[in-house]
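# Observations on the model geometry
Listed below, chain by chain, are the residues.
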Amino acid sequence: MTERKVLVLDNGASTIKAGYAILSQQPKIIPNCKVTRGKGDKKTYIGDQFSSCTDFSGLYYRLPFEKGFLTNWEVEKGIWDRIFSKDVLDCDPQKTSLLITEPCFNLPNIQRTYDEMIFEVYEFQSYCRTIAPWLCIQNDTSSLYPNRPQNLAEPPDCVLVVDSGYSFTHIVPFVMGRPILPAIRRINIGGKLLTNHLKEIVSFRYWDMMDQTYVMNEVKETCCYVSHDFLADLETCRKNTRDNPILQEYVLPDFSRNTKGYIREKKRGAEIYDQSDEQVLYMNNERFTVPEILFNPSDIGMNQAGIPEVIVEAINATHPGIICFIFDCFDFIGNLGLIFINLSLEMFPFPVNDVDLHGLFYGNIVLVGGNSLFSGYKERVEKDLRVLAPSEFEVKVGMPEDPITYAWHGGRKFASTPEFNERLVTRSEYMEYGSNICLRKFGLGGDEIDEMSE
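I will try to describe carefully the structure that is included in this document. (Residues numbered from 1 in each chain as written. Predicted model: local features only at pLDDT ≥ 70, side-chain atom pairs only at ≥ 80, totals over all residues. Heavy atoms only, no water.)

## Some words on the overall build of the chain
Heads up, the rule is: A run of H or I in DSSP counts as a helix once it spans at least four residues, and a run of E counts as a strand once it spans at least two, with each numbered from the N terminus. Classification of residues uses two cut-offs on accessible area relative to the type maximum, computed with a 1.4 Å probe and protein chains only: under 20% is buried, over 50% is exposed, and between them is partly exposed. Contact definition: two residues touch when any of their heavy atoms are within 4.5 Å. Surface exposure here means Shrake-Rupley accessible area, sampled with a 1.4 Å probe, where a residue is shielded only by the protein chains that are shown.
On a plain count of helices and strands, the chain comes out with 16 helices and 20 strands. Going through the 454 residues of the chain one by one, you find that 54% of them count as buried. In the chain, the share of contacts with a sequence separation of at least 24, taken over all contacts with a separation of at least 6, comes to 67%. On the chain, roughly 21200 Å² of surface is accessible, and the fraction owed to carbon and sulfur atoms is 49%.

What follows is the structure in structure tokens.
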């Protein structure tokens, strides 16, 4: 009998991380978009085909995700068709189980469309749907903290995952592997907003780059960093060019001699005046003011707190009363029997006092998502939290070597556990019970979540 294949698909808004649980050590990272060349050339690139593009000027993007939710299924289906084809993963859905991620607080009607696409359009043998932060804690998170004993058999009782991605930043606390729904927080800031803000700044100060999304995203990822002393760095940027270590000269690609931009070494002395024909973008305070939005959204007029403050808010929202309800009445990926039960404190398998509980969260914070790759990001989060957290708590912030694929690796590990088989919904079950069986096994819909949040 042929062994069943398990395809792990971390379906992010920016990129899809895809690969087989047993056969793949690393996932394929595929852009989750359709890209069309402008002007005379109307060539369209779907998913991984974008890697063959050589001229990135004036590209038009069609994205399946809008404001963090999968809304354009026509585009997504075209990308999935490409991924499942022989040219990429060579997937036979009828002989494959699928583990796929969805956004936090996904809407019920979108969840039903997931079920219909996977079972009715692609006819997968079985599938499981969950959120990326939950897959992250399937990894050995203790290995992210230096000088801490590693125990692969027993993960920490309390973990807080900060997932800063393309559309949103989510702060998700977990106790005994279950998310504490009333304590989950969302900041409406992600990599897309940062790139668009950088485009606006550069277009106002230098050249019109509003149509150069790809180029400006490359500039952001190459030049930007998170400042540890914002006011001091701002003062440094006012200095003369020769005395300003923050200033960088980014040579924009011309797509004839060079297809990729790069940072040029600053000229000195008599060579200070640029006489070359290269188009140079001078990145000064833009390097750190753009990522600073993650920590101070009010800089661009958003009425939200920054990441460190929201982490504290999420931790303070966890208390034994809520966790008692979650732990005994809600089996994370699904159980609609939500009944409030008065349980005695002796039944807790973890510290029941707020101080001990919050201390566990402060000591197990995991940073994932593309924005975690900003230089200085982890240190800034840890520094700000140390100021905000009570002095008796030890603050430990960990970040994997590759925060983008961390959820996929967690999914790969989860796919080899007996629990994965219990969570799976088979096609025959779906054809008999419809989306109700998926709702029961995979988790709550948006309406129930809203009720619990209130």
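## Let's talk about the sheet that holds strand 4 (residues 34–37)
Our working rule: Strands pair, by our definition, only if DSSP identifies at least two bridges between them. Comment: axis = line fitted to C-alpha atoms, over the contacting stretch for helices; angle = value between 0 and 180 degrees taken between N-to-C directions.
Across the sheet, which stays open at both edges, the three strands sit in the order 5-4-6 with antiparallel pairing between neighbours. Since the sheet does not close on itself, it has two edges, and those belong to strand 5 (44–46) and strand 6 (59–62), each with one partner. Averaged over neighbouring strand pairs, the angle between their axes works out to 20 degrees when direction is ignored. As defined by bridge partners, strand 4 adjoins strand 6 across four bridges and the pair is classed as antiparallel. By the bridge assignment for strand 6, Thr36 is matched with Tyr60.

## A closer look at helix 8 (residues 307–316)
Side chains three or four residues apart in an α-helix point the same way, a direct result of the helix having 3.6 residues per turn. The element helix 8 is extensively covered by neighbouring structure, given that seven of its ten residues are classed as buried. Close packing links the buried residues of helix 8 with strand 11 (158–164), strand 12 (169–175), strand 14 (185–187), helix 10 (354–362), strand 18 (365–368) and helix 11 (377–388).

## Side note on the nonpolar core
Heads up, the condition is: The criterion is simple. A nonpolar core is a set of buried Ala, Val, Leu, Ile, Met, Phe, Trp, Tyr and Cys residues joined through side-chain atoms within 4.5 Å.
Grouped together as the largest cluster of nonpolar side chains are 64 residues, with contacts concentrated most on Trp80, Ile83 and Tyr127. Here this core gets six residues from one element, more than from any other, and that element is helix 1 (residues 73–84). When neighbours within four sequence positions are excluded, Tyr127 is seen to be in contact with Leu98, Ile100, Tyr114, Asp115, Ile118, Phe119, Arg423, Leu424, Val425, Cys438 and Phe442. Val219, Cys223, Leu252 and Ile315 belong to the second largest nonpolar core, which has 57 residues in total.

## A word on the pattern of salt bridges
The line we're drawing: When a carboxyl oxygen of Asp or Glu is within 4 Å of a side-chain nitrogen of Lys or Arg, the pair counts as a salt bridge.
Applying the stated criterion across every chain yields a total of 18 salt bridges. The partner of Glu102 in a salt bridge is Arg129, and the shortest N-O contact between them spans 3.2 Å. Highlighted residues: Glu102 in strand 9 (residues 96–102) and Arg129 in strand 10 (residues 126–131), separated in sequence by 27 residues. Relative accessible area serves as the criterion here: at 10%, Glu102 is assigned to the buried category.

## A look at the sheet that holds strand 16 (residues 262–264)
Within the open sheet, the three strands sit side by side as 16-15-17. Their pairing is antiparallel. Because the sheet does not close on itself, it has two edges, and the strands there are strand 16 and strand 17 (280–283). This sheet shows a mean twist of 40 degrees between the axes of neighbouring strands, independent of strand direction. Most of the contacts of helix 5 (residues 213–223) go to strand 15 (residues 248–251), to which it runs at about 145 degrees, and overall it touches strand 15, strand 16 and strand 17.

## Structural notes on the pairing of strand 12
For strand 12, the buried fraction is high: seven of the seven residues fall into the buried class. Relative to strand 12, strand 11 is paired through seven bridges, and the arrangement is antiparallel. By the bridge assignment for strand 12, Leu160 is matched with Pro173. The loop that links strand 11 with its antiparallel partner strand 12 comprises four residues. Relative to strand 14, strand 12 runs antiparallel, the two being bridged by three bridges. Across the sheet, Thr169 pairs through a bridge with Ile187, a residue of strand 14.

## Remarks on the packing of aromatic side chains
We apply this condition: In summary, the pairing rule links any two rings of Phe, Tyr or Trp, Trp by its six-membered ring, whose centres are within 6.5 Å, and it sorts them by plane angle into stacked for under 30 degrees, edge-to-face for over 60 and tilted for everything else. Working rule: Lys NZ or Arg CZ, within 6 Å of ring centre, within 35 degrees of ring normal, means a charge sits over the ring.
Enumeration over the complete set of coordinates arrives at 23 aromatic pairs. With a centroid separation of 5.2 Å and 90 degrees between ring planes, the pair formed by Trp73 and Tyr114 is classed as edge-to-face. Here Trp73 is found in helix 1, whereas its partner Tyr114 is found in helix 2 (residues 108–121), with 41 residues between them in sequence. Across the pair, Tyr114 and Trp73 agree in class, each one buried. Between Trp80 and Tyr122 the ring centres are 6.1 Å apart and the planes differ by 55 degrees, which places this aromatic pair in the tilted class. Linking Trp80 in helix 1 with Tyr122 in the loop between helix 2 and strand 10, this pair joins segments that are 42 residues apart in sequence. Here Trp80 matches Tyr122 in class, with each residue buried. Grouped by ring-pair contacts, the aromatic residues Trp73, Trp80, Phe84, Tyr114, Tyr122 and Phe124 constitute a single cluster. When the ring centre of Tyr20 is taken as reference, the NZ or CZ atom of Lys5 above it lies at 5.0 Å.

## Topic: the state of the cysteines
Here is the rule we go by: Pairs of cysteine sulfur atoms within 2.5 Å are what we label disulfides.
This structure, assessed with the given rule, holds zero disulfides. The thiol of Cys136 is unpaired, and the distance to the nearest cysteine sulfur, on Cys104, comes to 10.0 Å.

## A few points about unusual backbone geometry
Phi is positive for Lys67, which is not a glycine, with a value near 55 degrees. With respect to the helices, strands and loops of the structure, Lys67 is situated in the loop between strand 7 (65–66) and strand 8 (69–70). For Lys67, a relative accessible area of 65% gives the class exposed. The phi dihedral of Asp90 is positive, around 50 degrees, even though this residue is not glycine.

From the geometry alone we can't say anything about function, so treat these as descriptive.
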